[in-house]
Amino acid sequence: MKLHLTGELAQVKKGLNHLLNELDIELVQEGYRIHVTQREGPLLVKNHNGKGEIVFQEKIHFFRGLGLWLEHFYAETDFDFIEKPKFTMNGAMLDASRNAVMKVEGIKDLLRKIALMGLNTLMVYTEDTYEVKEYPYFGYMRGRYTKEELKECDQYAAELGIEMIPCIQTLAHLTEALKWNYAIDIRDTADILLAGSEATYTFLEHLIEAASCPFQSKRIHIGMDEAHQLGLGKYLDKHGYQKRFDIMNKHLKEVVAITDKKKLKPMIWSDMYFRLGSKHGGYYDLDAEIPASVIASIPETQLVYWDYYHDDEEFYRSFIQKHKALKADPVFAGGVWTWNGISPNYGKAFAASEAALRACKKEKLKEVFFTMWGDNGAETPMMTALPVLQLFAEHSYHKSISEEHLHRRFHFCTGADFNDFMLFNQLDETPGVAKNNLQTSNPSKLLLWQDILIGLYDANIKNLPLNKHYTELTAKLEKAVERNTNWNLLFDFYKQLSHVLSVKAELGRRMKEIYDKQDRSKLENMMPALEEVKNRVDTLRKVHRNLWFSFNKPFGWEIIEIRYGGVLARVDTVMYRVQQYIEGEISKIEELEEERLHFEGPYPMSEGSLGRNLYHRIVTAGNLS
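Residues numbered from 1 in each chain as written. Predicted model: local features only at pLDDT ≥ 70, side-chain atom pairs only at ≥ 80, totals over all residues. Heavy atoms only, no water.

Draft legend 1. Geometry of the overall build of the protein chain. Across its full length, the protein chain carries 24 helices and 16 strands. Reported as C-alpha extents along the three principal axes, the dimensions of the protein chain are approximately 85 × 70 × 45 Å. Taken over 625 residues, the protein chain has a buried fraction of 59%. Long-range pairs, those at least 24 residues apart, make up 76% of the contacts in the protein chain with a sequence separation of at least 6. Surface exposure of the protein chain reaches about 25,500 Å², of which carbon and sulfur atoms provide 49%. (Helix = DSSP H or I, 4+ residues; strand = E, 2+ residues; numbered from the N terminus. Buried < 20%, exposed > 50% of the residue type's maximum accessible area, 1.4 Å probe, protein only. Contact = heavy atoms within 4.5 Å. Areas by Shrake-Rupley, 256 points an atom, 1.4 Å probe, with all protein chains shown as cover.)

What follows is the structure, given as structure tokens:
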């Protein structure tokens, strides 16, 4: 479409150029006229008598407004509406520390999409995936970002009205950073820094300088979460047992002294204070008691309340109030559930997000963001987060939203069909899994990686028509590929995953049943199915590889490919073992002699769940190390 924009354009001109191709618009003198005004107040989007108008306050509001104007112009002639932003900060946090490190071009693509949504913040979570010149092993072979790459992303974001905030760790979650010998003197436990050590604070000063200098923002997220063994490793040997509240506060004061020196404004995850105040070490303990002396001694920093789990609005409100009692102006961090397994869990994400956002608005929180974690290898592509980010964005500008509004906005901002994206949910919402998968079962991951001969989850899926479920889902995804041509790599991946599972899901269980009947002829008849699984898994590996390299740096893919290689090698061994048995070379297949027990642990198996687990617990009952 040809447009002629007039008015106050200086602030948005560079960002607008980034979106021309995305929006398929051309700026020309003879184009349709839209007058642009920047002033304090709500976002106004209007078209009347052949003239358009956008009135905005913040730069990000203009880009959301332009998208809204185009979306409505294509659907109706005249329109006039106002949106009032509910939060001063609304954004996303992208995990770049669990193998997948998104390329600069991938981050730019994400920035364009969230700019159209109206989200004004992006954090990139980097435990060790940023360059620190003084420590060459920090992030070595992990796809770490250079200073220049981060500066390029930050500038691009700024031109779109998006603030990029560095998000690092300064206490725990540093296993990959601390595994090298340079870190011997600063390591308390395998993943926690040695608090109270001068060498530790020299190390952190270099980290904070390297993490913050590429960015224009003066804000920094310094982590501090889940330090469960704080003070119980080398610290204990050096100092004896100390109250962990005291260790935490003293360490935080040292880190804040560094951020103060660099004129940075820090925020931290809040969970350690609540865990230390809980009798059983839980974060979400409504009875947790934090001593007044500890509260008074918390350094000047902002607390981030992270919660991706509850679907009860009142729980969120209670916990927001508890955070306010510790420190004014807490930040809320929700989750998009890209870490469930190999597929996103939209049911859980939507239930938790709706409840959380209603609570945030009622408690008048000013700042919120949503996390895109990639636990256990980043098997789920990060772009599957977009429907949840869209939900978040619409809540950021409206008191409540309808499904029709959400679907329309998503289609405009991403070029994809909302309902087709929801098909990805069916990879894990299978027979045997309760509606919306609130227990976070991950059968697509379990069934892809589990061993056919050992079948640790075969008892969990007994009598469930999973092959039929995935066959029907494959057909739906084949049609969805045709409707979402701009997203063909993503839809091809999930179509092929479903295609694999339509054969593999029940294969091990069926093999065990036939073996128990000592029917060698039927076992021999299974050989073509095993060969077919091998071919389909190898095709899936290649499709997944294409998708990975389209968005991410190559580092980390080796982990995923080793997992695929394990499946392929084991299928080959299954065929070898079955053939030996059929031909009488062996009298029994010992793996199939074993009784199949219901998988229990490490998580409770609630009703409506087939189980969830990490890769190393899915593939073997042995020690994968």
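Draft legend 2. Broad picture of the sheet that holds strand β5 (residues 51-56). If you trace the six strands from one edge of the open sheet to the other, you get β2-β1-β3-β5-β4-β6, paired in mixed fashion. The sheet terminates laterally at β2 (26-27) and β6 (79-83), the two strands that pair on one side only. Two strands pair when backbone bridges link them, and strand β4 (residues 43-48) and β5 are joined in this way by five bridges, in the antiparallel orientation. Residue pairing across strands places Asn-47 opposite Gly-52, the latter belonging to β5. (Pairing = 2+ DSSP bridges.)

Draft legend 3. Focus on unusual backbone geometry. A cis geometry characterises the amide bond from Gly-601 onward to Pro-602, with omega recorded as 0°. By the element assignment, Pro-602 lies in the loop between α23 (590-593) and α24 (615-618). Residue Glu-226 is not a glycine yet carries a positive backbone phi of 50°. With respect to the secondary-structure elements, Glu-226 resides in the loop between β12 (219-221) and α7 (234-239). A residue is classified by how much of its surface remains accessible, and Glu-226, at 24% relative accessible area, is partly exposed.

Draft legend 4. Main features of the pairing of β4. With five bridges connecting them, β4 and β6 associate as antiparallel partners. In the sheet register, Leu-43 faces β6, and the bridge partner there is Glu-83. Where β4 hands over to β5, the hairpin turn is made up of two residues, of which Asn-49 adopts a positive phi near 50°.

Draft legend 5. Spatial organisation of the packing of aromatic side chains. All chains considered together, the criterion is met by 55 aromatic pairs. Relative to Phe-203, the ring of Tyr-135 lies with its centre 5.0 Å away and its plane at 75°, an arrangement referred to as edge-to-face. Placement of Tyr-135 in the loop between β8 (121-125) and α4 (147-159) and of Phe-203 in helix α6 (residues 198-212) is noted, with a sequence separation of 68 residues between them. Overall, Tyr-135 belongs to the buried group, its relative accessible area being 16%. Between Tyr-457 and Phe-599 the ring centres are 4.3 Å apart and the planes differ by 10°, which places this aromatic pair in the stacked class. Taken as a pair, Tyr-457 in the loop between α16 (443-449) and α17 (466-483) and Phe-599 in the loop between α23 and α24 lie far apart in primary sequence, 142 residues in all. With a relative accessible area of 1%, Tyr-457 lands in the buried category. What makes Phe-599 buried here is its relative accessible area of 13%. The aromatic ring of Tyr-397 is capped on one face by Arg-64, whose charged end is 4.2 Å from the ring centroid. (Phe/Tyr/Trp six-rings, centres within 6.5 Å; stacked < 30°, edge-to-face > 60°. Lys NZ or Arg CZ within 6 Å of the ring centre and 35° of its normal.)

Draft legend 6. Quick peek at a nonpolar patch on the surface. Residues Tyr-137, Tyr-140, Met-141 and Phe-555 make up a contiguous nonpolar surface patch of about 400 Å² in total accessible area. What makes Tyr-140 partly exposed here is its relative accessible area of 36%. (Patch = residues over 30% accessible without salt bridge, like charges linked within 9 Å, V, L, I, M, F, W, Y side chains within 5 Å. Salt bridge = Lys/Arg side-chain N within 4 Å of Asp/Glu carboxyl O.)

Draft legend 7. Here's a closer look at the pattern of salt bridges. Inspection of the entire model under this criterion finds 44 salt bridges. Residue Arg-142 is joined to Asp-128 by a salt bridge in which the shortest nitrogen-to-oxygen separation is 2.8 Å. Of this pair, Arg-142 sits in the loop between β8 and α4 while Asp-128 sits in the loop between β8 and α4, and the two are 14 residues apart along the sequence. For the pair shown, Arg-142 and Asp-128 are each scored as buried. Connected through salt bridges with shared partners, the residues Arg-64, Glu-71, Glu-83, Glu-394, Glu-404, Arg-408 and Arg-409 form a single ionic network.

Draft legend 8. Region of interest: the state of the cysteines. Tallying each qualifying case throughout the model produces zero disulfides. Cys-153 supplies the cysteine sulfur nearest to Cys-167, a cysteine that is in no disulfide, at a spacing of 15 Å. Residue Cys-360 stays outside any disulfide, its sulfur separated by 18 Å from that of Cys-167, the closest cysteine. (Disulfide = S-S within 2.5 Å.)

Draft legend 9. Region of the structure containing the packing of helix α18 (residues 488-504) against helix α21 (residues 527-551). With their axes 9 Å apart at the nearest point, α18 and α21 run at an angle of 160° to one another. Classified by the interaxial angle, the pair formed by α18 and α21 is roughly antiparallel. Note on packing geometry: the crossing formed by α18 with α21 is left-handed. Here Leu-489, Leu-490, Asp-492, Phe-493, Gln-496, Leu-497, His-499, Val-500, Ser-502, Val-503 and Lys-504 of α18 come into contact with α21, specifically with Ala-529, Val-533, Arg-536, Val-537, Thr-539, Leu-540, Val-543, His-544, Asn-546, Leu-547 and Ser-550. Here the residues of the contact of α18 with α21 sort into twelve nonpolar, seven polar and three charged. (Axes fitted to C-alpha atoms, helices over the stretch in contact; angles between N-to-C directions. Parallel < 35°, antiparallel > 145°, perpendicular 65-115°, else oblique. Left-handed = near helix turned anticlockwise from the far one by under 90°. Nonpolar A, V, L, I, M, F, W, Y, C, P; charged D, E, K, R; others polar.)

Draft legend 10. Geometry of the environment of Leu-497. For Leu-497, the position within the fold is in helix α18. For Leu-497, a relative accessible area of 0% corresponds to the buried category. Sequence separation between Leu-497 and Gly-556 is 59 residues, and the spatial gap between their C-alpha atoms is 20 Å. Leu-497 has contacts with Ile-342, Ser-343, Leu-427, Ser-444, Leu-448 and Leu-540, leaving out every residue within four places of it along the chain.

No statement about biological role is implied by the geometric values presented.
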